[in-house]
Amino acid sequence: MAPDSSSDHVDVLIVGAGLSGIGAAHHLQERCPAKSFLLLEARHAIGGTWDLFRYPGVRSDSDMYTFGYRFRPWTDDVTMADGPSILSYIRETATEAGIDQKIRFGHRMVRAEWCSAEERWTVWAAREGPSPVGGQVKLTAKFLFNCSGYYKYDQGFTPPFPQLGDFGGRVVHPQHWPEDLDYAGKRVVVIGSGATAVTLVPAMAASAAHVVMLQRSPTYVVSEPGRDAVALFLRRWLPAWLAYLLTRWKNVGKAILFYWLSQTYPQTVRGWLRAWAQEQLPDGFAVDVHFKPKYDPWDQRLCAVPNGDLFAALSSGRASVVTDTIQRFTAGGVLLSSGEELKADLIVTATGFTLQVMGGAAAWAVKTAEAVKTDDR
């Protein structure tokens, strides 16, 4: 753990030491070198999401040329990187810039108060271990920069499934993946159809007996190349920073164009997505049941899969997809509204996050100049 700074006042206090927090600190240090800053990190490691998530196949669901930092080129050949690679990227960035020495680990912001008269924030943070004031420390800053994400790290979202307790096997949420979980040779049901589910299914299918992706409704899924051919070509002939910049803007432009086409010509793009999925699935596969949502493309986020790995798992027979709703859980699996029962040894609830704002701080207050005068009286 980096030692605490001797000062309790800084110009900028950054909350969170994940991808965003380290990036914010780097930009601040680069552009405003005279400004002092600290980072508060509730956990005991750098990385945020990429240190927390340990489920099989965890990876970026967007390309690293746009997801990565502008100031630090992504040099790996893999476009949609795995979690450990992204974690190393964040930690190396922090260490090389000396940002790791300005992090207070194990400090969770619990209250923040702005004072107009003094033009500063006062922040209280709870910490583990001995503390001079009831387990909390107080810091002040001219600017409070929240980079703590949008979900609870200690509680993934699981809907109130009927009779979940009747299931005789193990139930796991991807956000808290047990290190000792062995699913080799087991029947697995993954509930969900978002980015986490489409990542888990092909990864688990490699060793599980069979994996079923159980979805209430379909999601648009599109295959993306595992390596960016343009990026690799540019890197051969141009300086790394220029190749990265050009690839980054090429991908930004591609995303903007595809979004515009999706919103302007939704039926055309619907047809493209259906055709691309059908090309990668076996003859007779019910594409319209499992990969044709009712909404238009980009009314909700598309799921990208590298090299079509989800489609490959479905084509191999090691995985399957079922579109239905849950009636209840049984001792041996999941009973669906259609009457079908999915047998399972392990159920994975890839059902999303529990949202929270500002790192879950319990209290916020604004103290105006008039209120300060009243207090003084």
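None of the values given here were measured: they were computed from a predicted structure.

Brief notes about the overall build of the protein
Item 1. Within the protein one finds 11 helices and 19 strands.
Item 2. Here the protein holds 377 residues, and 46% of them are scored as buried.
Item 3. Within the protein, contacts between residues separated by at least 24 positions form 68% of all contacts whose residues are at least 6 apart in sequence.
Item 4. Counting every atom, the protein has about 18700 Å² of accessible surface; 55% of that belongs to carbon and sulfur.

Topic: unusual backbone geometry
Item 1. The phi dihedral of tryptophan 298 falls on the positive side, at around 70°, and the residue is not glycine.
Item 2. Along the chain, tryptophan 298 falls in the loop between helix 9 (287-290) and strand 12 (303-306).
Item 3. A residue is classified by how much of its surface remains accessible, and tryptophan 298, at 29% relative accessible area, is partly exposed.
Item 4. Not every positive phi belongs to a glycine, and asparagine 307 is a case in point at roughly 55°.
Item 5. Position of asparagine 307 relative to the elements: it lies in the loop between strand 12 and helix 10 (309-316).

Side note on the packing of helix 7 (residues 240-264) against helix 8 (residues 266-279)
Item 1. Between helix 7 and helix 8, the least distance of the axes is 5 Å, while the angle of their chain directions is 115°. Contact residues: helix 7 offers Phe258, Leu261, Ser262, Gln263 and Thr264, while helix 8 offers Pro266, Val269, Trp272, Leu273 and Trp276.
Item 2. Here the residues of the contact of helix 7 with helix 8 are counted per class, giving 7 nonpolar, 3 polar and no charged.

So, the packing of aromatic side chains
Given two aromatic rings, one states the distance between the centres and the angle between the planes to describe the pair.
Item 1. This model, assessed by the stated rule, comprises 21 aromatic pairs.
Item 2. Taken together, the ring pairs in this structure connect Phe53, Tyr55, Tyr150, Tyr151, Tyr153 and Phe353 into an aromatic cluster.

A short note on the pattern of salt bridges
Item 1. Counted according to the given criterion, the structure contains 19 salt bridges.
Item 2. Here arginine 43 makes a salt bridge to aspartate 51, at a shortest N to O gap of 2.6 Å.

Quick word on the sheet that holds strand 8 (residues 170-172)
Item 1. The 5 strands lie next to each other as 8-17-9-10-13, forming an open sheet whose pairing is parallel. Looking along the sheet, the strands with just one partner apiece sit at the ends: strand 8 and strand 13 (319-323). Ignoring which end each strand starts from, the neighbouring axes of this sheet average 20° apart.
Item 2. In this sheet, strand 17 (residues 346-349) lies alongside strand 9 (residues 187-191) in parallel orientation, the contact comprising 4 bridges. Of the residues in strand 17, the one forming a bridge with valine 189 is isoleucine 347.
Item 3. Along the sheet, helix 5 (residues 195-205) makes contact with strand 9, strand 10 (210-215), strand 13 and strand 17, crossing strand 10 at roughly 165°.

Some points on the layout of surface pockets
Item 1. The volume enclosed by the second largest pocket comes to roughly 700 Å³.
Item 2. Broken down by secondary-structure element, the contributors of at least two residues to the lining of the second largest pocket are helix 3 (64-67), strand 11 (221-224), helix 7 and strand 12.
Item 3. The biggest single contributor to the lining of the second largest pocket is helix 7, with 7 residues.
Item 4. Partitioned by chemical class, the residues of the lining of the second largest pocket number 14 nonpolar, 5 polar and 8 charged.

Reading the values: rules and limits
Residues numbered from 1 in each chain as written. Predicted model: local features only at pLDDT ≥ 70, side-chain atom pairs only at ≥ 80, totals over all residues. Heavy atoms only, no water. Helix = DSSP H or I, 4+ residues; strand = E, 2+ residues; numbered from the N terminus. Buried < 20%, exposed > 50% of the residue type's maximum accessible area, 1.4 Å probe, protein only. Contact = heavy atoms within 4.5 Å. Areas by Shrake-Rupley, 256 points an atom, 1.4 Å probe, with all protein chains shown as cover. Axes fitted to C-alpha atoms, helices over the stretch in contact; angles between N-to-C directions. Nonpolar A, V, L, I, M, F, W, Y, C, P; charged D, E, K, R; others polar. Phe/Tyr/Trp six-rings, centres within 6.5 Å; stacked < 30°, edge-to-face > 60°. Salt bridge = Lys/Arg side-chain N within 4 Å of Asp/Glu carboxyl O. Pairing = 2+ DSSP bridges. 1 Å grid on protein atoms, 1.4 Å probe; cavity = no way out; pocket = protein on both sides within 12 Å on 5 of 7 lines; lining within 4 Å. Points joined across faces, edges and corners; volume = space filled by probe spheres on them.

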